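Summary of structural features
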Amino acid sequence: MASSSTTSPYDPLSREELIARLTELAPPASSSTAAATAAPPPVLKKPKKERKQKASKPFNIHAYSRRKIALRFSYAGWDYNGLAAQSEPTPLPTVEGVLWDALVKGRLVDPDGGFEGCGWSRCGRTDKGVSAAGQVVALYVRSALLPGDVEGIEPARDPKPEPAPKPPPSEDDPSAKPQPPPQPRPTTELRYTQILNSLLPPTIRVSAWSPVAPTFDARFSCTGRHYKYFFSPAPSTLQPALDIARMRDALARLVGEHDFRNFCKIDGSKQIENFRRRIVEAWIDDPAHPGALHTVNLRGSAFLWHQVRCIMAVLFLIGARLEEASIVDALLATTPDKAGALGLGAALDRKPAYEMADDLPLVLFDCYFPPSAVSWRAGPDGPGASEAEEREVERTARTKIASTVQAQLEDFWLRQTLTSHFMHSLLPFEEATQDAPARQTLTPLGAGRTATTGNYIPLLKRKRGELAEEANRKWRETPKGQKLLAKWGNRVPEATEE
């Protein structure tokens, strides 16, 4: 069988020659194909320009009118380190500190001027833990009105310059835009209660404000203060039963003007020399409904430091039958003639040692002012509304405040009910009373607190503190006392009431 072989004209060609030949025989690429197969050029994105944030202009409060007002507000004292703002850090915020922050955020006061710059004054300075339902402060705030709109508006100290009037647009210029009408100026005041309550925590509520005269002072214009102290007379493992009739007898003896040095805390740094105060009314309210608390009411012109808590401590001793109601007369006998009339022999001019009642149940319920000095309102005032419109605005403002407070009360009551239910489930016994151990005395202090002691020592037989005059002298001789006295000059600083 014969084999055959075929030869090709490409056999003698080298590899390079074959490639060259194939290139010659290939059809030319069209421009569209070349464009399609060509690599796309890189897309160069322009870098984004960073927008320059316009620097916000500082708010110039001095470009606005101002007026002096009084604010009435309430607060839950257990969340705060007292009312007055402090120069040193405190474990808890102060009520004034939180209120001041809200005033600054609302652009109502000058933050650089501080309390002195706005003429700040307070009515009753309460201590840590004490609450208030009708506390009052007075200060100058920003106003939306102008002098002459209503009484008491002071002109701006740094008014804004009036803008230069623009020439009217030419009738021949078709591109000229008509000028907008001028903005009407406000004819009603700022809504102070709404502004502040939107910035304050739920534990502080502003209920009303009032325009006041430049001479108004929340402390010295006040004609009276009303304190309430809540307690339960029911016996329990924490306290014996309290005799309400005996406590009412003791309260009646406090009415009138007396020297209350034995019913307050003596502190030389306060430099108090006059301990005479007037209690106008003193009584006990029965519970409004079953399960509610009794309430001691004290109304007076002014009170000393911790005076109400000291009074309550003595009332608890009387209600627990550890002291007679006549002990009140003895503690008020600070002069030889009064002591002699009671057969005491010597004046009780130094306070016996006893523990104050708890601060939690104490409330500064209200502060009183002459009717001509204040006119409380919730809504704004101003010349631009009729009496009917003002009444409607006031009704709306009061309704809003009331609804907010009602919601908070519902929340508090719910928490209290749940807590009470939970705590009662933990009681290891059914009876609500239990005899105290032998040879021990339970002294109630309020808010469920009780001091347990051995044999009870009557107040008149206890160790007594130093004379108030001696405490004042010792403090004045200290380096701190001398420094502060030089700073105060002849002005005595405000003393804490409770």
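Above this text is the structure in question.
Everything in this summary refers to the structure shown in the same document. What you are looking at is a predicted structure, and each value in this text was computed from that prediction instead of being measured. Per chain, residues are indexed from 1 in the order of the written sequence. Only residues with pLDDT of 70 or above have their local features reported here, since the model is predicted, and side-chain atom pairs are shown and tallied only from 80 upward, although totals for entire chains, interfaces and linings are computed over all residues. No hydrogens and no water enter the side-chain calculation; it runs on all heavy atoms of the structure.

1. Regarding the overall build of the protein chain
Within the protein chain one finds 12 helices and 11 strands. Long-range contacts, defined as pairs at least 24 residues apart, comprise 74% of the intrachain contacts of the protein chain with a sequence gap of at least 6. Per-residue accessibility takes into account occlusion by the displayed protein chains alone, with areas from the Shrake-Rupley method and a 1.4 Å probe. Entry remark: accessible area of the protein chain is about 30,600 Å², with carbon and sulfur atoms responsible for 56%. Helix and strand definitions here come from DSSP, where helices need a minimum of 4 consecutive H or I residues and strands a minimum of 2 consecutive E residues; each element is numbered from the N-terminal end. It only takes one pair of heavy atoms within 4.5 Å for two residues to be counted as in contact.

2. Concerning the packing of aromatic side chains
The criterion for an aromatic pair is that two Phe, Tyr or Trp rings (for Trp, the six-membered ring) have centres within 6.5 Å, with stacked assigned to planes under 30 degrees apart, edge-to-face to planes over 60 apart and tilted to the rest. Tallied over the full model, the rule gives 11 aromatic pairs. An angle of 80° between the planes, with centres 5.0 Å apart, marks the rings of Tyr227 and Phe303 as edge-to-face. Here Tyr227 is found in strand E5 (residues 224-231), whereas its partner Phe303 is found in the loop between strand E8 (294-300) and helix H7 (307-319), with 76 residues between them in sequence. There is no split in this pair, since Tyr227 and Phe303 are both buried. When the centroid spacing of 6.2 Å and the interplanar angle of 70° are considered together, the rings of Tyr229 and Phe316 count as edge-to-face. Here Phe316 lies in helix H7 and Tyr229 lies in strand E5, a separation of 87 residues in the sequence. Three or more aromatic residues joined by ring pairs make a cluster, and in this case those are Trp100, Phe115 and Trp120. Burial status follows relative accessibility: with a 1.4 Å probe on protein chains alone, a residue under 20% of its type maximum counts as buried, one over 50% as exposed, and anything between as partly exposed.

3. What about the packing of helix H6 (residues 244-252) against H7?
To get an axis, fit a line to the C-alpha atoms, keeping to the stretch in contact for a helix; angles then go from 0 to 180 degrees between the N-to-C directions. Packing of H6 against H7 brings their axes to within 8 Å, and their N-to-C directions diverge by 140°. By the criterion of interaxial angle, the relationship of H6 to H7 is oblique. Note on packing geometry: the crossing formed by H6 with H7 is right-handed. Note on element contacts: H7 touches H6 through Leu315, Phe316, Ile318 and Gly319, opposite Arg246, Met247, Ala250 and Leu251. Gly counts as polar in this scheme, as do all residues outside two lists: the nonpolar Ala, Val, Leu, Ile, Met, Phe, Trp, Tyr, Cys and Pro, and the charged Asp, Glu, Lys and Arg. For the contact of H6 with H7, a count of residues per class yields 6 nonpolar, 1 polar and 1 charged. Should an angle fall under 35 degrees it is taken as roughly parallel, and over 145 as roughly antiparallel, whereas 65 to 115 is taken as roughly perpendicular and any remaining angle as oblique. In this scheme, a crossing is called left-handed if the near helix is turned counterclockwise away from the far one by less than a right angle; it is called right-handed if the turn is clockwise.

4. What to know about the pattern of salt bridges
Any carboxyl oxygen of Asp or Glu within 4 Å of a side-chain nitrogen of Lys or Arg constitutes a salt bridge here. Across all of its chains, the model carries 20 salt bridges by this definition. Its salt-bridge partner being Lys474, residue Glu466 comes within 3.2 Å of it at the nearest N-O pair. Three or more residues are tied together by salt bridges with common partners; here these are Arg67, Glu189, Arg377 and Asp381.

5. Notes on the pairing of strand E1 (residues 65-75)
Counted residue by residue, E1 has 9 buried out of 11 residues, so it is predominantly covered. What makes two strands pair is DSSP finding at least two bridges between them. With 10 bridges joining them, E1 and strand E3 (residues 131-143) adopt antiparallel strand pairing. When the sheet's bridge partners are listed, Ser65 is paired in E3 with Ser143.

6. Re the environment of Ile457
Residue placement: Ile457 occurs in the loop between strand E11 (449-453) and helix H11 (468-476). Overall, the relative accessible area of 46% leaves Ile457 in the partly exposed class. For the pair Ile457 and Glu323, spaced 134 residues apart in the sequence, the C-alpha separation amounts to 9.9 Å.

7. Observations concerning the pairing of strand E7 (residues 276-285)
Two strands pair when backbone bridges link them, and strand E6 (residues 256-259) and E7 are joined in this way by 4 bridges, in the antiparallel orientation. Residue pairing for E7: Glu257 is matched across the bridge by Arg278.

8. Overview of H6
Burial in H6 covers these residues: Ile244, Arg246, Met247, Ala250 and Leu251. One side of H6 holds all its buried residues, which, seen down the axis, span an arc of 160°. Facing away from the buried side of H6 by over 90 degrees, the exposed positions are Ala245 and Ala252. Residues adjacent in sequence count toward polar contacts only when both atoms are side-chain atoms; beyond that, a polar contact is any pair of N or O atoms within 3.5 Å, and within protein one must be able to donate a hydrogen and the other to accept it. Capping of H6 at its N-terminal end is provided by Asp243; its side-chain oxygen lies 3.1 Å from the backbone amide nitrogen of Ala245. Arc definition: directions from the helix axis to the C-beta atoms.

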